[in-house]
Amino acid sequence: MNSQLEKILGHKYSNDTLAHFYILEPKRNNTDEHCFTWLQNTLAKILNKERSHLINSQDIQILSAKDKKQYSAEDLAEIYKFTSYKAIELKRKFLIVSDLSKLTLMQSNKLLKTFEEPPIALTIFLLNDHKSSILKTIESRAIRLRIDLEKSHNENVLRAFLAGSQEVSYEDFDKFYTENYPTPKLCVIDLIDIANSVSVNDYNAIQKAFIALEQDMVYNNSISHMKLKIYALALVLKNQLK
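Just so it is clear, the model here is predicted, and its values are computed rather than measured. (Residues numbered from 1 in each chain as written. Predicted model: local features only at pLDDT ≥ 70, side-chain atom pairs only at ≥ 80, totals over all residues. Heavy atoms only, no water.)

Trainee: Describe the overall build of the chain, and please don't skip the residues or the numbers.
Mentor: Secondary structure assignment for the chain yields 11 helices and 5 strands. The buried share of the chain, taken over its 242 residues, is 47%. The contacts of the chain with a sequence gap of at least 6 include a subset with a gap of at least 24, amounting to 79%. Put simply, the chain shows about 12900 Å² of open surface, and 51% of that area lies on carbon and sulfur atoms. (Helix = DSSP H or I, 4+ residues; strand = E, 2+ residues; numbered from the N terminus. Buried < 20%, exposed > 50% of the residue type's maximum accessible area, 1.4 Å probe, protein only. Contact = heavy atoms within 4.5 Å. Areas by Shrake-Rupley, 256 points an atom, 1.4 Å probe, with all protein chains shown as cover.)

Trainee: Account for the packing of helix α8 (residues 170-180) against helix α11 (residues 223-240), with residues named and values stated.
Mentor: Running from N to C, α8 and α11 cross one another at 110 degrees; their axes reach a closest spacing of 11 Å. The angle between α8 and α11 falls in the class roughly perpendicular. The chirality of how α8 crosses α11 is right-handed. From α8, Tyr170, Phe173, Asp174, Tyr177 and Thr178 reach across to α11, where they touch Ile223, Ser224, Lys227, Leu228, Ile230, Tyr231 and Ala234. Partitioned by chemical class, the residues of the contact of α8 with α11 number 8 nonpolar, 2 polar and 2 charged. (Axes fitted to C-alpha atoms, helices over the stretch in contact; angles between N-to-C directions. Parallel < 35°, antiparallel > 145°, perpendicular 65-115°, else oblique. Left-handed = near helix turned anticlockwise from the far one by under 90°. Nonpolar A, V, L, I, M, F, W, Y, C, P; charged D, E, K, R; others polar.)

Trainee: Give a detailed account of the sheet that holds strand β3 (residues 93-97), specifying residues and quantitative values.
Mentor: Hydrogen bonds along the backbone pair up the strands of a sheet, which may run parallel or antiparallel. Here 5 strands make up an open sheet; going across it, the order is β2-β3-β4-β1-β5 and the pairing parallel. At either margin of the open sheet sits one strand with a lone partner, and together these are β2 (60-63) and β5 (143-147). Averaged over neighbouring strand pairs, the angle between their axes works out to 20 degrees when direction is ignored. As defined by bridge partners, strand β1 (residues 21-26) adjoins β5 across 5 bridges and the pair is classed as parallel. Note on β5: the bridge partner recorded for Ile23 is Arg144. Across the sheet, helix α4 (residues 73-82) is in contact with β2, β3 and β4 (122-127); its angle to β2 comes to roughly 165 degrees. (Pairing = 2+ DSSP bridges.)

The following block contains the structure:
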């Protein structure tokens, strides 16, 4: 189902017939950033770019909600600034609002005009991973897309990366991580699935690593700090995959 949706969006982009406003949500309740991950992968295919390059594109704006109780006035100002200029590299611009639940009622009402009639060639994706209630005025202006909660497609890629014969330096792992994972949590989920599927010899080391990572995520420690622990865990698992 998701692959078919990818093809439809890709075809619409090629023909320049993408709608200007979509709400993207899972078919059932979800606590992860599945919609964001799926959209990043889909846009990378449609635009023929690596995922890491999407973040740096001047025609794509990702409005992150990480560590925020709600979006700020500065976030809205960034949206207005971004929609003031036409696309330079792509056929159109893309605005990704990563968490619908972080938009206040006042902010939603202020953005209605932009959602309904963008001033430029623009496609907006409003992500609703947690299936929060949606204002009727917002919902009526959007095309609602529902995606299946599939097992992370990156797990097999990560498994193949770790199973390779060569040594994996931190620089190699950091490059792989950046290209494949938007958040540490998604990488950890894949590592857990890999750990559960192999015969683990050094169970205590893996258990300690997972506990340390869980504490990091609870206390919102820095990404770089977490990546070092994820790398250490990945090396333990790499030895199990030999």
